Amino acid sequence: MEPELAPESDLEPELVPESDLEPELVPESDLEPEPEPASEPASEPASGPAPRPRRRGRTTTLIAVAAVLGVVAGTCTGFLVQANRAPDTLPSLAQSTLTQAKGPAPEPLSAAQDRQVKVDGDLRKLLLKRPSGAKDAVLPDGTDGWLDLADYAERFNGPDEEFAYEVDQEFRRAAIAQWREGTRDVDVVLTQYRQVVGLGASQYTTDSFYWAERRPKTTSWPIPGTGDGMAYVHGADDDGVYSAEALAWRGDVSVDIWIYDAKPIPKKKIMDLAERQLERL
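Report on the accompanying structure.

The rules behind the values
- Residues numbered from 1 in each chain as written.
- Predicted model: local features only at pLDDT ≥ 70, side-chain atom pairs only at ≥ 80, totals over all residues.
- Heavy atoms only, no water.
- Helix = DSSP H or I, 4+ residues; strand = E, 2+ residues; numbered from the N terminus.
- Buried < 20%, exposed > 50% of the residue type's maximum accessible area, 1.4 Å probe, protein only.
- Contact = heavy atoms within 4.5 Å.
- Areas by Shrake-Rupley, 256 points an atom, 1.4 Å probe, with all protein chains shown as cover.
- Salt bridge = Lys/Arg side-chain N within 4 Å of Asp/Glu carboxyl O.
- Pairing = 2+ DSSP bridges.
- Axes fitted to C-alpha atoms, helices over the stretch in contact; angles between N-to-C directions.
- Polar contact = N/O pair within 3.5 Å; in protein donor to acceptor, adjacent residues only side chain to side chain.
- Core = buried A, V, L, I, M, F, W, Y, C linked by side-chain atoms within 4.5 Å.

1. A word on the overall build of the protein
Counting its secondary structure elements, the protein contains 9 helices and 7 strands. Residues classed as buried in the protein amount to 26% of the 281 residues present. Long-range pairs, those at least 24 residues apart, make up 53% of the contacts in the protein between residues at least 6 apart in sequence. When the accessible surface of the protein is totalled, it reaches about 21,100 Å², and 56% of it is carbon and sulfur.

Now the structure itself:
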């Protein structure tokens, strides 16, 4: 007896729809990286985020590589050309004997002729002498004609800032002469700098020009024979005090002269003090 055969439809495997067999595709928009934020505009303040650096383009890279290859090729060519040349004869290392000059050796300069010896001595001796009949200053600065760095800085409106400035300029020492003639007060200051790193005397004078020229009602004139020395006459301040100043330098010493008076100060007075002080240097 033959077995009963199942219908063919029952023997075929159940087919799964193709949509169920294919993996779920993620939309391309989901695979793309999120766009990077745009660089900040050039007008963004310094405190804001810094703009991203611009990436070097392909053209720039090719030009750089070509330049390097050109240098290498030129160097190799130079070596080949030099290698094929015959060696040149070198000059003799022996030189003619120098003849010793006859006569006595020159004598060294005296202290009066050697300016550096003069300024390295007692700096107070180079200050202008107090005129006859003049009196001592009402409130003298320093001690025995000397100003240490702290006393020197106290002569400025911002002592702390001036102290730091003078340290940076290699302050060495300062000497001061002060006197009073009637209603007129005079200060003469010589400041010496070490000048190991920079030119402190010149720098101090140049920086002082800026402040002198900012004062209201100011007239200025160059001081003859100083290169860039200047003399200034200022109008009265809020307290009714007139002033004049002279600024110059010579070598490692700066010259700072001040006159204060209850009445206008003539140009001749400040120029005379400046010229006579510079002659002593």
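Moving on from the coordinates now.
2. Details of the environment of F156
By secondary structure assignment, the location of F156 is in the loop between α6 (149–153) and α7 (159–168). Leave out the neighbours within four places in its chain, and F156 touches E162 and Y204.

3. Examining the pattern of salt bridges
In total, this model carries 10 salt bridges according to the counting rule given. Residues D144 and R124 are paired through a salt bridge, measuring 3.1 Å at the closest nitrogen-oxygen approach. Residue D144 is found in the loop between α5 (115–119) and β1 (146–147), and its partner R124 is found in the loop between α5 and β1; the two are separated by 20 residues along the sequence. D144 sits in the exposed class, given a relative accessible area of 63%.

4. What to know about the sheet that holds strand β4 (residues 218–222)
Within a sheet, each strand pairs with its neighbour through backbone hydrogen bonds, oriented either parallel or antiparallel. In spatial order, the strands read β1-β2-β3-β7-β6-β5-β4; together these 7 strands make up an open sheet with antiparallel pairing. Each having just a single partner strand, β1 and β4 make up the two edges of the open sheet. For β1 and strand β2 (residues 171–181), the ladder comprises 2 bridges, and the chain directions are antiparallel. Bridge pairing links L147 to A174 in β2. Set on the sheet, helix α9 (residues 267–279) makes contact with β2, β3 (184–193), β4, β5 (230–234), β6 (242–250) and β7 (253–261); between it and β7 the angle comes to about 155 degrees.

5. Remarks on the side chain of H234
The residue H234 is located in strand β5 in this model. Take H234: its relative accessible area is 3%, and that puts it in the buried class. Within the structure, H234 has its side chain in polar contact with the side chain of E245 (distance 2.8 Å). Those residues in contact with H234 that lie beyond four places of it in its chain are A212, R215, K217, T218, Y242, S243, A244, E245 and W258.

6. Description of the nonpolar core
Grouped together as the largest cluster of nonpolar side chains are 29 residues, with contacts concentrated most on W179, L190, I257 and I270. Mapped onto this core, the elements with two or more residues apiece are β2, β3, β5, β6, β7 and α9. With 5 residues, the top contributor of residues to this core is α9. Sequence-distant contacts of I270, defined by excluding residues within four places in its chain, comprise A231, V233, A244, E245, A246, I257 and I259. Formed by 10 residues, the second largest nonpolar core is a distinct cluster that contains L147, F171, A174 and Y193.

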